[in-house]
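Observations on chain architecture
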Amino acid sequence: MTGRVATVGAVLFLAVSAALVLSVAGAGASVAAGLPSDSPPGAATDSGDSTPAAVAGSTDSTSVAVTESPVSAAGPDEVDPDGIEIDVVLAEDGSAEWEIQFLVALDDDDGEAAFADLEDDVAEDPDPYVERFADRIDSTVENAAASTGRSMHADGYDVRTERQSLAREYGVLAYSFTWHGFAAVDGDELRAGDAIDRYYLDEDTRLAVSWPEGYELRSVAPEPDDERERTVVWRGSETDFVSGEPRVVVASDGLFSSAALVLGGLAAVGLAVAGIAWWARSRGGAVDSTDDADGSTSSGAAGAEGDERNRTDADSDGEEPPRPDPAEFLSNEERVLGLLEERGGRMKQQRVVQELGWTDAKTSQVVTGLREDGDLESFRIGRENVLVLPGEEREADEADI
């Protein structure tokens, strides 16, 4: 691994420290991800206590303020991440899928070559990256469990690199893991945020919290900087979390429980009808039909009359049973391709983000997969990334897209 790659990898890993400086409610001490053993000269280091040099205690025992980022302390020759995106996706059992992406703008040949080497390094031997990251997250989760009194643990650690085409070209180093017990489950409610009370967001950091389908937002604090479908977003340049923040409370909208009641009622009616039929047969034909003069049976006539009455009653309601949304059965890839087909085969990537209510990271990941499979192409208009279905003309005025 070249010296340049070591620098990029180390600085991105230092950014984990800046992103994961947590003030856990009631713990009485800050929880911080430490620096890796191969930190560049000049980087902040632990002094032996639980608070790193980059963190200064404030007037009370439970709040902290970050006075200097470990990244900035690495020295003028180091390369800082141009952005950090944190996505937290809640599950019904209170666990959360975390992904932390560190974005580096690939604006010159040196940056491009360094990130290419970093990609190779992570692909060949990801274990050192994963192990150091996991050590720091495990420490964070342990302190959060002590603070909240809730059982917690993390697993499923992974690291990957990718490239994103947004307004600029970025190289991305992404860490992911599952945080079990992250949110409290209270009946049909999920309450999230106490495990990262007063989470520090650097000005270039974005935090997004999403919740499962079938849940609706009950309360959120502070007011999000952006709200999308089942997602709230805060940006460090606009938001500072204080005590009791961030907080997200969502609850089941009751659709599933209502469906269960309906199905249960239908099953009960079915059992009752079956019981009556069995009783009638056991009576030895006491309800046998008799022939009418025209040769038809009275029971048949009654049955026909009953069927007609039922059809008439059903028609009089004027209502049809609800039909499921076809989009619910589509994969993410199918939704993107379908959206492009509806828009004439060309569309800006940021427009896809807005239309589907996804995060930039999720959209980029789906688009990258489609490009690799040959199902999608892209080109640039100015600073915008434009998606094109194979076979479509690339040339287009910006106003046409």
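Shown above is the structure to which this text applies.
Keep in mind it's a predicted model, so treat the numbers as computed, not measured. (Residues numbered from 1 in each chain as written. Predicted model: local features only at pLDDT ≥ 70, side-chain atom pairs only at ≥ 80, totals over all residues. Heavy atoms only, no water.)

1. Considering the pattern of salt bridges
Inclusion rule: A pairing counts as a salt bridge when a side-chain nitrogen of Lys or Arg comes within 4 Å of a carboxyl oxygen of Asp or Glu. Secondary structure elements are taken from DSSP: a helix is a run of H or I of four residues or more, a strand is a run of E of two residues or more, and numbering for both begins at the N terminus. Buried residues are those whose accessible area, probed at 1.4 Å on protein chains only, stays under 20% of the maximum for their type, while exposed residues exceed 50% and partly exposed ones sit between those limits.
Taken as a whole and judged by the stated rule, the model has 20 salt bridges. Across the pair Arg 230 and Glu 213 runs a salt bridge, and its minimum N-O distance is 3.8 Å. With a gap of 17 residues between them, Arg 230 in the loop between β13 (226–228) and β14 (231–235) and Glu 213 in the loop between β11 (205–210) and β12 (215–221) connect regions that are remote in the sequence. A relative accessible area of 29% means that Arg 230 is categorised as partly exposed. For Glu 213, a relative accessible area of 54% gives the class exposed. In this structure, Glu 216 engages Arg 218 in a salt bridge whose closest nitrogen and oxygen atoms are separated by 3.9 Å. The class of Arg 218 is partly exposed, set by a relative accessible area of 45%. Among the ionic contacts, a cluster of salt bridges with common partners joins Asp 186, Glu 189, Arg 191, Glu 216 and Arg 218.

2. So, the side chain of Asp 87
Where we set the bar: Polar contacts, as counted here, are pairs of nitrogen or oxygen atoms within 3.5 Å of one another; within protein the pair requires one atom able to donate a hydrogen and one able to accept it, and residues that are adjacent in sequence qualify only if both atoms are side-chain atoms. Whether two residues are in contact is decided by their heavy atoms: any pair within 4.5 Å suffices.
Here Asp 87 lies in strand β5 (residues 83–90). At a separation of 2.9 Å, a polar atom in the side chain of Asp 87 contacts the side chain of Arg 206. Apart from residues lying up to four places away in sequence, Asp 87 is in contact with Glu 97, Trp 98, Glu 99, Arg 206, Ala 208, Thr 359 and Ala 361.

3. Considering the environment of Leu 201
Note on placement: Leu 201 falls in the loop between β10 (189–192) and β11. Between the C-alpha atom of Leu 201 and that of Arg 235, which follows or precedes it by 34 residues, the distance is 7.3 Å. The contact partners of Leu 201, leaving out residues within four places of it in the chain, are Leu 207, Trp 234, Arg 235, Gly 236 and Phe 241.

4. Quick word on the packing of helix α6 (residues 332–342) against helix α7 (residues 349–356)
Spelled out, the test is: Comment: axis = line fitted to C-alpha atoms, over the contacting stretch for helices; angle = value between 0 and 180 degrees taken between N-to-C directions. Throughout, the term roughly parallel applies to angles under 35 degrees, roughly antiparallel to angles over 145, roughly perpendicular to angles from 65 to 115, and oblique to all others. When the near helix sits turned anticlockwise from the far one by under a right angle, the crossing is termed left-handed; a clockwise turn instead gives a right-handed crossing.
It is at 11 Å that the axes of α6 and α7 come closest, and there the two elements cross at 110°. Classified by the interaxial angle, the pair formed by α6 and α7 is roughly perpendicular. With respect to the hand of their crossing, α6 and α7 are arranged in right-handed fashion. Where α6 abuts α7, its residues Arg 335, Val 336, Leu 339 and Leu 340 lie against Val 352, Glu 355 and Leu 356.

5. Looking at the side chain of Thr 239
Here Thr 239 lies in the loop between β14 and β15 (247–252). A polar contact of 2.8 Å, which involves the side chain of Thr 239, links it to the side chain of Asp 225. The contacts of Thr 239, once residues within four sequence positions are left out, are Pro 222, Asp 225 and Trp 234.

6. Topic: the sheet that holds strand β16 (residues 346–348)
The cut-off we apply is this: In this description, strands pair whenever DSSP reports at least two bridges between them.
Sheet architecture is open: three strands sit in the order β16-β18-β17, paired in antiparallel fashion. Edge positions in the open sheet fall to β16 and β17 (377–381), since each of these has one partner strand only. This sheet shows a mean twist of 30° between the axes of neighbouring strands, independent of strand direction. One ladder, built from three bridges, connects β16 with strand β18 (residues 384–388); its direction is antiparallel. When the bridges of β18 are listed, Arg 346 appears paired with Val 388.

7. Brief notes about helix α3 (residues 127–148)
Inclusion rule: What a helix is expected to span follows from its residue count: subtract one and scale by 1.5 Å.
With 22 residues, α3 should cover 32 Å at 1.5 Å per step; its first-to-last C-alpha distance of 31 Å lies within 8% of that length. Of the positions making up α3, those classed as buried are Tyr 129, Val 130, Arg 132, Phe 133, Ala 134, Arg 136, Ile 137, Thr 140, Val 141, Ala 144 and Ala 145. A positive phi of about 75° marks Gly 149, the residue just after α3.

8. A word on the packing of aromatic side chains
To be explicit about the condition: What counts as a ring pair is set by centres within 6.5 Å for rings of Phe, Tyr and Trp (its six-membered ring), and what kind of pair is set by the plane angle: stacked under 30 degrees, edge-to-face over 60, tilted for all other angles.
Within this structure, the stated rule accounts for 11 aromatic pairs. A centroid spacing of 5.5 Å and a plane angle of 35° characterise the contact between Trp 98 and Trp 179, whose relative ring orientation is tilted. You can see Trp 98 sitting in strand β6 (residues 96–105) and its partner Trp 179 sitting in strand β8 (residues 169–180), a full 81 residues away along the chain. With relative accessibility at 2%, the residue Trp 98 sits in the buried group. What makes Trp 179 buried here is its relative accessible area of 2%.

9. Section: the sheet that holds β10
Pairing is antiparallel in the open sheet, where four strands are placed in the order β9-β10-β15-β12. At either end of the open sheet lies a strand with only one pairing partner, and these are β9 (184–186) and β12. With direction set aside, neighbouring strand axes in the sheet form an average angle of 20°. In the sheet, β10 pairs with β15 via four bridges, with the strands oriented antiparallel. Residue Leu 190 lies in a different strand from β15, and its bridge partner there is Val 250.

Read these as spatial facts, not as claims about activity.
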